[in-house]
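Chain residues, written in single-letter form:
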Amino acid sequence: MSRFFDLVSKTARDMPAYIPAPPGVFTEGSPQLLRLDSNENPFGPSPRAVEAMRSLLPDTNFYPDDNCSGLRHKLAAHHGLPEDQVLITAGSTALLAILCQTLLAPGLNAVTSERSFIVYSLAAHATGAQLIKAPMRDNGFDPDALLAAIDSNTRIVFLANPNNPTGSMLDAFAIETFIARVPGHVVVVLDEAYIEYAAHFASLGEFTLPRSLDYVKLGAGVVVLRTFSKIHGLAGLRIGYGLGPAELLNYCARMRNTFSVCSMAQAAASAALDDRGYIQRVVESNALEAQRLAKELTGLGLRVAPTSANFLYCDCGELANKYTAQLFDMGIVVRPLGAWGAPTAIRVSIGTPEQNQVLLSAIRSFVS
Ligand SMILES: Cc1ncc(COP(=O)(O)O)c(C=O)c1O
């Protein structure tokens, strides 16, 4: 028996490990890889965000504003909500963990779908609670299955919209009817990490975008999560936020780590929010490339699911692990989805047009 096995909590012993990237990706001195595995923004941050960070460099001897006052004020105005309905955290994953610590405990549970964001499981299990995974329908969340999984011990239902890793989306009508049927003892967490990409697809007439903030404005038990990691290209800075009932967010705020959102992140996020031109260019490129990449990959024999986000869910049958390994050998990282219970699938982030060309040429070279 190891030295600490009996010392750590049962919860810590039972926690599964999260593997964020394959070995080699973060090894110093290893060759530059084309990283298409974590749904990051391939264009980098907005130049305005970079400038905001640069101008703060001499001031990093000071602690950050723990309440993120400036950014909070700006986000409240941006979304038409009072400031006490906005909570900024070190990435939206931090808020997922805080929501679980605030609402869950051993004996309680959260509900989500199978093949959804892996952090829901980690955050729920870290509190000693259970995560119930409802079955999917057509690679997407099934509202009826989620409702059927809810019991008297459920406190949270996590709904990623668009969903990671399948890229599926529930539209305005589906969300409206779902929220109306969720019992009052359950908080609905609408995780909208990819909403800007989805909004662009919706503007092309593909579906009606859910009016998620309306539920927050109407005082429903709904927390909408947003992040600066995706469209704003600031994943390395760790900043995201939630919009929800003031009373619940106030409890969550008490559970935060002090000074967890650094001053660089606050300044960069604020500048990024203002750069509408940059956001527009990124979503337009993403939509064009999603269409092109899906068509080409389908031509190469992969089964590609429709996406409302910045990545593609590709079923490669029994070749999924082989493709992942072959691409890695060629310096391209994609995500195999065995840990999500989808051993025949990979997830590929949509890169710049040039990066996507590199990916396609690589796949073509070993498929043909
Ligand atoms: C559905 C979903 N929510 C949240 C996040 C993480 O966001 P953050 O970087 O703000 O923690 C991701 C990242 O991949 C995601 O896919």
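The residue count restarts for each chain, going from 1 along the sequence in the order it is written. Only residues with pLDDT of at least 70 are given local features in this predicted model, and only at 80 or more are side-chain atom pairs given and counted; all residues enter the totals for whole chains, interfaces and linings. Side-chain metrics rest on all non-hydrogen atoms present in the structure, leaving aside hydrogens and water.

S.K.: I'm lost on the overall build of the protein chain in this one. Help?
M.R.: A count of helices and strands for the protein chain gives 14 helices and 13 strands. Here the C-alpha coordinates of the protein chain stretch approximately 60 × 55 × 50 Å along the principal axes. With a 1.4 Å probe rolled over the protein chains alone, any residue whose accessible area is under 20% of its type maximum counts as buried; one over 50% counts as exposed, and the rest are partly exposed. The proportion of buried residues among the 368 residues of the protein chain is 53%. We call two residues in contact when some of their heavy atoms are within 4.5 Å. Expressed as a percentage of contacts within the protein chain between residues at least 6 apart in sequence, the contacts between residues at least 24 apart total 73%. Here the protein chain displays about 16600 Å² of accessible surface, and carbon together with sulfur accounts for 55% of that area. Looking at charge distribution, the protein chain has the averaged site of its 29 positive side-chain charges lying 2 Å from that of its 33 negative ones. What counts as a helix is a DSSP run of H or I of at least four residues, what counts as a strand is a run of E of at least two, and both are numbered from the N terminus. Note on areas: these come from Shrake-Rupley sampling with a 1.4 Å probe, and a residue is covered only by the protein chains present in the view. Neither His nor the chain ends contribute to the count of charged residues, in which Lys and Arg are positive and Asp and Glu negative. Charge coordinates come from a single atom per side chain, which is NZ of Lys, CZ of Arg, CG of Asp or CD of Glu.

S.K.: Explain the pairing of strand β3 (residues 109-113) to me, please; I cannot follow it from the model alone.
M.R.: Successive residues of a regular strand alternate their side chains across the two faces of the sheet. Of all five residues making up β3, five are buried, and the element is well covered by its neighbours. Side-chain alternation along β3 places Asn 109, Val 111 and Ser 113 on one buried face and Ala 110 and Thr 112 on a second face that is also buried. One requirement defines pairing of two strands: DSSP has to find at least two bridges between them. Sheet topology note: the β3/strand β4 (residues 130-134) ladder contains five bridges and is parallel. By the bridge assignment, Ser 113 is partnered in β4 with Ala 134. Call a crossover right-handed when, viewed with both strands pointing away from you, the route from the first strand across the helix to the second goes clockwise. Considered for its hand, the β-α-β crossover made up of β3, helix α5 (residues 119-125) and β4 is right-handed.

S.K.: Before we go on, may I ask you to explain the sheet that holds strand β10 (residues 311-315) in this structure?
M.R.: Think of a sheet as strands paired side by side through backbone hydrogen bonds, with each pair either parallel or antiparallel. As summarised here, the arrangement of the four strands in space is β9-β10-β13-β12, forming an open sheet in which the pairing is antiparallel. Whereas interior strands pair on both sides, the edge strands pair on one side only; in this sheet they are β9 (303-304) and β12 (335-336). Lines fitted to C-alpha atoms define the axes here, with helix axes fitted over just the stretch in contact, and angles between the N-to-C directions of these axes take values from 0 to 180 degrees. Packed on one face of the sheet, helix α12 (residues 276-299) meets β9 and β10 and runs near 15° to β10.

S.K.: Is there a simple way to think about the sheet that holds β4 in this case?
M.R.: One open sheet accounts for seven strands, arranged β2-β8-β7-β6-β5-β3-β4; its pairing is mixed. This sheet does not close on itself; its edge strands, each paired only once, are β2 (86-89) and β4. Neighbouring strand axes in the sheet, compared pairwise and without regard to direction, differ in orientation by 20° on average. The sheet contact formed by β3 and strand β5 (residues 154-160) spans three bridges and is parallel. In the strand pairing of β5, Val 111 is matched with Val 157. Across the sheet, helix α10 (residues 246-254) lies against β2, β6 (187-191), β7 (222-227) and β8 (240-243), angled at about 25° from β2, the strand it touches most.

S.K.: Would you take a moment to explain the side chain of His 232 for this structure?
M.R.: Tracing the sequence through the fold places His 232 in the loop between β7 and β8. When residues no more than four places from it in sequence are discounted, the contact partners of His 232 are Asn 41, Pro 45, Ser 46, Glu 196, Thr 227, Ala 272, Leu 273, Tyr 278 and Ile 279.

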